Amino acid sequence: MIRFEHVTKSYADGTTAVDDLSFEVAEGELVTLVGPSGCGKTTTMKMVNRLIEPTAGRIYLDGADISTIDPVELRRRIGYVIQQVGLFPHKTVLENTATVPHLLGWPRKKARDRAAELLDLVGLDPSQYGDRYPEQLSGGQRQRVGVARALAADPPVLLMDEPFGA
Ligand SMILES: Nc1ncnc2c1ncn2[C@@H]1O[C@H](COP(=O)(O)OP(=O)(O)OP(=O)(O)O)[C@@H](O)[C@H]1O
Ligand SMILES: [Mg+2]
């Protein structure tokens, strides 16, 4: 499903964030990257959805070289929970969760129903939390909204940065 071939990411200041990394993830597999702070975990994940471009090597998704796939199109197939959660502060919990279904052009009702279903799944009652704004949630509740948002369109690939590894 995902294949890294000799992927390296280095920066102009001489930092090598990822050094000649090769691995393969099969469909249905759950893979965790474990290592000390600064070892390149976030960089590795961001290269999968092209938020960061490798300096060398190739990354394949379902056999296609991702450098040939339009980044926007690519990201719609990949749910991504970032390290700082990154909810939209001006959108409600329900609207945040429905972000990708909206982008994909789902009918409004279907997108909202799906968002409510996902909020329920992560333990947030949509009737209680759906109309709140992110600042009205605890840190852990925000993280759960981030997970619900990433799952909303049932993407084939899900990237979860810390603290979601736990
Ligand atoms: N723009 C940049 N220029 C130079 N070095 C960078 C840049 N961005 C990241 N780095 C370095 O790349 C390395 C890998 O960073 P990355 O964010 O992938 O680490 P991480 O494994 O996710 O760490 P953490 O567990 O702290 O989140 C770090 O040493 C970081 O300082
Ligand atoms: Mg990180």
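Use the structure listed above.
About the criteria used
Residues numbered from 1 in each chain as written. Chains lettered and ligands numbered in written order. Predicted model: local features only at pLDDT ≥ 70, side-chain atom pairs only at ≥ 80, totals over all residues. Heavy atoms only, no water. Core = buried A, V, L, I, M, F, W, Y, C linked by side-chain atoms within 4.5 Å. Buried < 20%, exposed > 50% of the residue type's maximum accessible area, 1.4 Å probe, protein only. Helix = DSSP H or I, 4+ residues; strand = E, 2+ residues; numbered from the N terminus. Contact = heavy atoms within 4.5 Å. Salt bridge = Lys/Arg side-chain N within 4 Å of Asp/Glu carboxyl O.

> Got a minute to help me understand the nonpolar core in this structure?
One broad rule of soluble globular proteins: the nonpolar side chains tend to lie buried together. Core analysis: the largest hydrophobic core is formed by 18 residues, its most contacted members being Ile-2, Phe-4, Met-47 and Leu-159. For this core, the elements supplying multiple residues, two or more each, are β1 (2-10), β2 (16-25), α1 (41-48), β3 (56-61), β5 (78-81) and β6 (157-160). Ignoring sequence-local partners within four residues, the contact set of Phe-4 consists of Leu-21, Ser-22, Phe-23, Thr-44, Met-47, Val-48, Arg-58 and Ile-59. Listed in part, the 16 residues of the second largest apolar core include Ala-115, Val-122, Tyr-129 and Val-147.

> Mind showing me how you'd approach the pattern of salt bridges here?
Pairing between side chains becomes possible if they bear opposite charge and their charged atoms approach one another. A complete count under the given rule lists 6 salt bridges for this structure. Across the pair Asp-65 and Arg-58 runs a salt bridge, and its minimum N-O distance is 3.0 Å. On the basis of relative accessible area, Asp-65 is assigned to the buried category, the value being 14%. Classification of Arg-58 as partly exposed rests on a relative accessible area of 41%. One salt bridge connects Asp-113 with Lys-109, and the closest N-O pair in it is separated by 2.6 Å. With a gap of 4 residues between them, Asp-113 and Lys-109 both fall in helix α5 (residues 108-121), about one helical turn apart. By relative accessible area, Asp-113 is classed as partly exposed at 41%.

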